[in-house]
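Residue-level structural notes
Listed below are the residues making up each chain.
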Amino acid sequence: MIKLSVNVNKVATVRNSRGGTLPSVLEAVTVCVGAGAPGITVHPRADERHITRRDVHEIAAWLRDHPSVELNIEGDPRPDLLALVQEIRPAQCTLVPVQPGEVTSQAGWPPGTSRDDMRRIVGELKRRGIRVSVFVDPEPAAVEWAAAVGADRIELYTEPFARAFERGLITDATATFDCYARAAIHADKQGLGVNAGHDLDLRNLVPFRSLPHLDEVSIGHALISHALFVGLDRSVRDYLAVLAP
């Protein structure tokens, strides 16, 4: 069974656009879990433009009564983020590179990124019982870098696949998917689990769910967008249905 981790950043974005407490991020989490989501993802950025430290603490506290649901905190390995992760001790931390001024993630970690620095960071998190995933492009060198720094999993950056699928070019989409499949197989041979995320939706998940060794998908923007028309509970259930074996 491929697990779904619902990214609730967009709920926080709407709340912060007006100020105040509505819509409630914690209420969104309760609805997602009630609908059967086995995972929740948050990405507390340095500027707190969506998820805040307070959100992370409130979600983590609520999830302690729901031990079967995994909390995944993602973000760049800046000191305050790492301190927060070590304090909360989520099931998983996904380390992603951040470029100044970006709206959302634009690429995985370059394979040339310092192995020593990342190995130290990954080791510190793992010693606290946190599973570590690193965000990478579907390239052999990136997969090998992830294994070298001691990660438990990779999260494949899936926007290129989503864009090829969106264009409706079957040849391009198939070739792109094949690239992801080779990366996933290579990751498995390196002893890495495989997650995926970025612009996956109800349509492109249909072919993507056949990716070899796929453990988990993290979905936020498309799932919350779908929820605007069908409700959050129904949206989560629709995504779970697509992922069901």
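Rules behind the numbers
- Along each chain, residues carry numbers from 1 onward, in the same order as the chain's sequence is written.
- Only residues with pLDDT of at least 70 are given local features in this predicted model, and only at 80 or more are side-chain atom pairs given and counted; all residues enter the totals for whole chains, interfaces and linings.
- Based on all heavy atoms of the structure, the side-chain values leave hydrogens and waters out of the count.
- Secondary structure is summarised from DSSP: a helix means a run of H or I of at least four residues, a strand means a run of E of at least two, and numbering begins at the N terminus for each.
- A radius of gyration in this sense is built from C-alpha atoms; the matching globule rule multiplies 2.2 Å by the number of residues raised to 0.38.
- Burial classification: accessible surface area is computed with a 1.4 Å probe over protein chains only, and a residue below 20% of its type maximum counts as buried, one above 50% as exposed, and the rest as partly exposed.
- Contacts were defined at the residue level, with two residues in contact if any of their heavy atoms lie within 4.5 Å.
- In this tally Asp and Glu are treated as negative and Lys and Arg as positive; neither His nor the chain ends contributes.
- Every charge is mapped onto a representative atom, which is NZ of Lys, CZ of Arg, CG of Asp or CD of Glu.
- In this description, strands pair whenever DSSP reports at least two bridges between them.
- What qualifies as a polar contact is a pair of N or O atoms within 3.5 Å, subject to a donor-acceptor requirement within protein and to the restriction that residues adjacent in sequence count only when both atoms come from side chains.
- Throughout this description, the term salt bridge denotes a Lys or Arg side-chain nitrogen within 4 Å of a carboxyl oxygen of Asp or Glu.
- Working convention: axes come from line fits to C-alpha atoms, limited for helices to the stretch in contact. Angles between N-to-C directions cover 0 to 180 degrees.
- Here is the rule for angles: anything less than 35 degrees is roughly parallel, anything more than 145 is roughly antiparallel, 65 through 115 is roughly perpendicular, and the remaining ranges are oblique.
- Less than a right angle of anticlockwise turn of the near helix away from the far helix marks a crossing as left-handed, whereas a clockwise turn marks it as right-handed.
- Each residue gets one label: Ala, Val, Leu, Ile, Met, Phe, Trp, Tyr, Cys and Pro are nonpolar, Asp, Glu, Lys and Arg are charged, and the others, such as Gly, are polar.

Right, let's talk about the overall build of the chain for a bit. Counting its regular elements, the chain contains 11 helices and 8 strands. Here the C-alpha atoms of the chain give a radius of gyration of 17 Å, agreeing with the 18 Å that 2.2 N^0.38 yields for 245 residues. On the principal axes, the C-alpha backbone points of the chain span a range of 45 × 40 × 35 Å. Here the chain, with 245 residues, has 50% of them falling under the buried criterion. The long-range fraction of contacts in the chain, counting pairs at least 24 apart against all pairs at least 6 apart in sequence, stands at 68%. One finds the centroid of the 27 positive side-chain charges in the chain at a distance of 2 Å from the centroid of its 31 negative side-chain charges.

Within strand β5 (residues 131-136), 6 of the 6 residues are buried, which leaves it mostly tucked inside the rest of the structure. Residue alternation in β5 divides its side chains into two sets, R131, S133 and F135 and V132, V134 and V136, and both sets are buried. With 4 bridges joining them, strand β4 (residues 92-95) and β5 adopt parallel strand pairing. Residue pairing for β5: Q92 is matched across the bridge by R131.

A word on the side chain of S235. Relative to the helices and strands, S235 is located in helix α11 (residues 232-243). From its side chain, S235 meets the backbone oxygen of L223 in a polar contact 2.7 Å long. Not counting the four nearest positions on each side in its chain, S235 is found in contact with L223, H226, A227 and V230.

Here we take up the side chain of E74. Looking at the element boundaries, E74 is found in strand β3 (residues 70-75). For the buried E74, no salt bridge exists, and the shortest N-O distance to an oppositely charged side chain is 6.9 Å, to R45. Polar contacts involving the side chain of E74 include one to the side chain of H43, which spans 3.3 Å.

Judged by how many residues are buried, strand β1 (residues 3-7) sits mostly within the fold: 4 of 5 residues are covered. Across 3 bridges, β1 lies against strand β2 (residues 39-42) in parallel orientation. When the sheet's bridge partners are listed, S5 is paired in β2 with G39.

Once that is clear, we can look at the packing of helix α2 (residues 25-34) against α11. Where α2 meets α11, the closest approach of the two axes is 8 Å, and the angle between their N-to-C directions is 45°. What the angle tells us is that α2 and α11 run oblique. Seen from above, α2 lies across α11 with right-handed handedness. Of α11, the residues touching α2 (which contributes A28, V31, C32 and G34) are L232, D233, V236 and R237. The residue makeup of the contact of α2 with α11, split by class, is 5 nonpolar, 1 polar and 2 charged.

With the rule as written, the count across this model stands at 15 salt bridges. Between R15 and D55 there is a salt bridge; the shortest N-O distance is 2.8 Å. With R15 in helix α1 (residues 9-18) and D55 in helix α3 (residues 53-63), the pair connects residues that are 40 residues apart, well separated along the chain. Take R15: its relative accessible area is 9%, and that puts it in the buried class. Close ionic contact of E216 with R153 constitutes a salt bridge, the shortest N to O distance being 4.0 Å.

If you trace the 8 strands once around the closed barrel, you get β1-β2-β3-β4-β5-β6-β7-β8, paired in parallel fashion. On average, each strand axis in the sheet is tilted by 25° relative to the strand beside it, whichever way the strands run. Along the sheet face, α3 touches β2 and β3 and points at about 160° away from the line of β3.

What follows deals with unusual backbone geometry. The omega angle of the peptide bond from L22 to P23 is -5°, so this bond is cis rather than trans. By the element assignment, P23 lies in the loop between α1 and α2. Located in the positive-phi region is E48, a residue other than glycine, with phi close to 50°. Here E48 lies in the loop between β2 and α3. Notably, H213 is not glycine yet its phi reads approximately 65°, a positive angle. Positionally, H213 belongs in the loop between α9 (205-208) and β8 (214-219).

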